[in-house]
Amino acid sequence: MEMETVKLSAIVMRWYPDMIPFLKQDELNSVIVLRDGLSILEPEDAMDIIHYSIYEHQNSAYLQ
């Protein structure tokens, strides 16, 4: 399988759509590169990606 680039919103919509109202638009627009593609991503991995993306956006907010 090839790498696939998706927005975080695609990951959230697939596994955790209830989280959409709690994420900022810039978080949802984050570009995520998946080594093996979206089709084999597990829910636990999706949650890890979501957590990491939120963390990264919080860190960049403090640095500016």
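Report on the accompanying structure.

Parameters and conventions
- Residues numbered from 1 in each chain as written.
- Predicted model: local features only at pLDDT ≥ 70, side-chain atom pairs only at ≥ 80, totals over all residues.
- Heavy atoms only, no water.
- Helix = DSSP H or I, 4+ residues; strand = E, 2+ residues; numbered from the N terminus.
- Buried < 20%, exposed > 50% of the residue type's maximum accessible area, 1.4 Å probe, protein only.
- Contact = heavy atoms within 4.5 Å.
- Pairing = 2+ DSSP bridges.

Secondary-structure assignment places Val 12 in helix H1 (residues 8-15). Take Val 12: its relative accessible area is 0%, and that puts it in the buried class. Note: C-alpha distance between Val 12 and Ala 46 (34 residues apart in sequence) is 7.6 Å. Discounting chain neighbours no more than four positions away, the residues touching Val 12 are Pro 17, Met 19, Ile 20, Leu 23, Leu 28 and Ile 50.

Burial of the side chains of strand S2 (residues 31-34) is restricted to one face: Ile 32 and Leu 34 are buried, whereas none of Val 31 and Val 33 on the reverse face is. Relative to S2, strand S1 (residues 4-7) runs antiparallel, the two sharing 4 bridges. Of the residues in S2, the one forming a bridge with Thr 5 is Val 33.

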